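A look at the structure
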Amino acid sequence: RRQFGVETTDAFWVAEAYHQEYWQKWRPRYAVLGALVATQYADSKLDFLSPVADTACTALAFAIGLAFVLERVLDGDVARLD
């Protein structure tokens, strides 16, 4: 059995804004990514998407990933609360 001590601190750090309301912001993004992955997988088996639609699915998935990276890079402020 492990025991841990609790220490007090003088400062509290607020996480970056992209960590705030994380699930509320990312739930629709995960839904879209899941739909894109399912569509691409089904297309790989059944070949029903046109090349334009296939490219659009890939581009949208890439754009969501890029938005994730840019959100972290552009909003990296950490605030100290005293």
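Right above here is the structure, for reference.
Let me begin by describing the structure that accompanies this report. (Residues numbered from 1 in each chain as written. Predicted model: local features only at pLDDT ≥ 70, side-chain atom pairs only at ≥ 80, totals over all residues. Heavy atoms only, no water.)

So, the pattern of salt bridges
Considering all chains together, one arrives at 2 salt bridges under this definition. One salt bridge connects glutamate 71 with lysine 25, and the closest N-O pair in it is separated by 3.4 Å. Here glutamate 71, found in helix H2 (residues 51–74), pairs with lysine 25, found in helix H1 (residues 22–46); they are 46 residues apart in sequence, far enough to count as distant. On the basis of relative accessible area, lysine 25 is assigned to the partly exposed category, the value being 26%. (Salt bridge = Lys/Arg side-chain N within 4 Å of Asp/Glu carboxyl O. Helix = DSSP H or I, 4+ residues; strand = E, 2+ residues; numbered from the N terminus. Buried < 20%, exposed > 50% of the residue type's maximum accessible area, 1.4 Å probe, protein only.)

Brief notes about unusual backbone geometry
Among all residues except glycine, the phi angle is most often negative; among peptide bonds, the trans geometry is most common. The phi angle at aspartate 47 is positive, at roughly 50 degrees, despite the residue not being glycine. Following the sequence through the fold, aspartate 47 ends up in the loop between H1 and H2. Note on aspartate 47: relative accessible area 62%, which makes it exposed.

Honestly, it's all geometry; don't read function into it.
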